[in-house]
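Reading the structure
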Amino acid sequence: MTGKQRREQLITVGRKVFAERGVGSATVEEIAHEAGVTKPLIYEHFGGKEGLYAVVVDREMASMLETIADALSLPGTPRQLLEQTTLAVLDYIEESPDGFRVLTHDSPSWHNGGSLGSLMSDIAVQVERALAATFKKNKLDTRTAPIYAQMLLGAIALTGEWWLESGRKITKNELATHVVNLIWNGLTGLESKPRLSQS
C-alpha cells in the first residue's frame, strides 16, 4: 500500500472501531490489530488515537453537512425542503452508519466540537434562513427561527438514530413520511404568540 492508501485504510478501520466501541473504549492496539499494522504506524500517520479520531469526525461532519446543504439548496416549497432535508439525513445514516454512530457517541473531553450537537448547530444556520423566510411570510416572529431549526433537526437526527439502532425495520421513505407528517402538520398550526396552557 502507498502511504495515502494506508492512511485511508486506517481512517476506515478507525471509524469502524470508534463506532462499535466509542472513542473512550477504543485503543490504538485494537485499531492496529484490525488494520493488520503495528501501533507505530498509527502514531506516524495521526500522532495517536486522538488524531485519528479528529480526522474521522471531521470527515463525517463534512460529509453529512454537504449532504444536507445539497438538499437545502434545491428549489422547493417549505414542505419540499423539509422532505428533502429529512431524506438527506436518513440518506447519510443509511450510507454511513459507522460515521453516524461516531457522531452520536459522546465527544471526549479532549476533543473540541465534533459531536452531533455541534454538527446540527452548523446545519441549523442554513435551516434558519429557510424558516425565517416562511415565518416572515406568515407573520410569525422571525427571531424564533433558530429555535425551530434546532427542534426540526433534533427530531430528524434523533429519529434517524433510533431507526439505525433498531435495525431499520421500516424503509427510509416510510420513516421520512412519518417524520414529515408529524413536523409538517404540527407546523401548519403554529400560533403567532404561543403560550403554555398553565401560564
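Everything numeric in this text was worked out from a predicted model, so none of it was measured.

**Re the overall build of the protein chain**
- Across its full length, the protein chain holds nine helices and zero strands.
- Counting from the amino terminus, helix and strand elements in the protein chain follow one another as α-α-α-α-α-α-α-α-α.
- Along the longest, intermediate and shortest principal axes, the C-alpha atoms of the protein chain span 60 × 35 × 35 Å.
- Across the 199 residues that make up the protein chain, the buried fraction comes to 38%.

**Observations concerning the nonpolar core**
- Core analysis: the biggest nonpolar cluster contains 53 residues, and Phe 18, Ile 42, Ile 93, Val 127 and Leu 131 have the highest contact counts within it.
- If one sorts the elements of this core by residue count, helix H4 (residues 49–73) sits on top with ten residues.
- Leave out the neighbours within four places in its chain, and Ile 93 touches Phe 100, Gly 160, Glu 161, Trp 163 and Leu 164.

**Observations concerning the UniProt feature "DNA-binding region" (unreviewed entry) in the protein chain**
- UniProt annotation of "DNA-binding region" (unreviewed entry) refers to residues 27–46 when read in the numbering used here.
- Here residues 27–46 is 80% helix and 0% strand, with 14 Å between the C-alpha atoms at its ends.

**Some details on the packing of aromatic side chains**
- This structure, assessed with the given rule, holds three aromatic pairs.
- Aromatic pair Phe 18 and Tyr 53: ring centres 5.4 Å apart, planes at 85°, arrangement edge-to-face. Here Phe 18, found in helix H1 (residues 3–21), pairs with Tyr 53, found in helix H4; they are 35 residues apart in sequence, far enough to count as distant. Each of the two residues, Phe 18 as well as Tyr 53, counts as buried.
- Centroid distance Tyr 92 to Phe 100: 6.3 Å. Interplanar angle 70°. Geometry classified as edge-to-face.

The rules behind these values
Residues numbered from 1 in each chain as written. Predicted model: local features only at pLDDT ≥ 70, side-chain atom pairs only at ≥ 80, totals over all residues. Heavy atoms only, no water. Helix = DSSP H or I, 4+ residues; strand = E, 2+ residues; numbered from the N terminus. Buried < 20%, exposed > 50% of the residue type's maximum accessible area, 1.4 Å probe, protein only. Core = buried A, V, L, I, M, F, W, Y, C linked by side-chain atoms within 4.5 Å. Contact = heavy atoms within 4.5 Å. UniProt positions renumbered as here; feature names shortened; annotations may be inferred. Phe/Tyr/Trp six-rings, centres within 6.5 Å; stacked < 30°, edge-to-face > 60°.

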